[in-house]
Each structure stands twice: as C-alpha cells, then as structure tokens.
Amino acid sequence: MEKILFNVNGMSCEHCVRSITKAVSALSGIGGVSVSLDAKTVEVEYDPAKSSPDQIKSEIEDQGYDVV
C-alpha cells in the first residue's frame, strides 16, 4: 500500500467529508481515506496495482471539488 495526499478546495462541511470518503472508498484497492476540512486535504492509502493517483483525483473532482 502507498499513501498520497491531495490538496482539495471546496470542502466546507461534514457532508463534503462523507461524500469524498464514500466515493474514493468505492474504488478498487483503497485501504483508507482521511479527509481534513481544516487542512483542506485528502489522504488516501491505496494499492498501486489496483488504483492510480489519477483515478483517485478524478473521483474527487467528480464529486464537485477542485484538486490543486
């Protein structure tokens, strides 16, 4: 498993946290998702054989947030 940290704009509440966590967790090979509203970050533990950073980024953006 590897970890990656994304800086994400547009998160403002617990609904945002749940939305991102649920969407990213549904991807194949995800071991864990940690969303910080204060730091505006999403940390993801993933299996690089099953998911890629681009797939994870795309899933976050599909939820309506900006990955910077």
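These numbers come from a predicted model, not from an experiment.

**Student:** Tell me about the UniProt feature "domain: HMA" (unreviewed entry) in the protein chain, and name the residues and values.
**Tutor:** UniProt records the feature "domain: HMA" (unreviewed entry) at residues 2–68, using the numbering of this structure. Each end of residues 2–68 is marked by a C-alpha atom, and these two atoms are 20 Å apart; helix forms 33% of the span and strand 34%.

**Student:** Just give me the short version of helix α1 (residues 14–25), but keep the residues and values in it.
**Tutor:** Along its twelve residues, α1 runs 16 Å from first to last C-alpha, staying within 8% of the 16 Å computed at 1.5 Å per residue. Taken residue by residue, α1 has C16, V17, S19, I20, A23 and V24 as its buried positions. All buried residues of α1 fall inside an arc of 165° around its axis, so they share one side. The exposed set on the far side of α1, more than 90 degrees from its buried face, consists of H15, R18 and K22. Taken together, the buried residues of α1 touch β2 (30–36), β3 (41–46) and α2 (53–62).

Criteria and cut-off values
- Residues numbered from 1 in each chain as written.
- Predicted model: local features only at pLDDT ≥ 70, side-chain atom pairs only at ≥ 80, totals over all residues.
- Heavy atoms only, no water.
- UniProt positions renumbered as here; feature names shortened; annotations may be inferred.
- Helix = DSSP H or I, 4+ residues; strand = E, 2+ residues; numbered from the N terminus.
- Expected span 1.5 Å × (residues − 1).
- Buried < 20%, exposed > 50% of the residue type's maximum accessible area, 1.4 Å probe, protein only.
- Arc of directions from axis to C-beta.
- Contact = heavy atoms within 4.5 Å.

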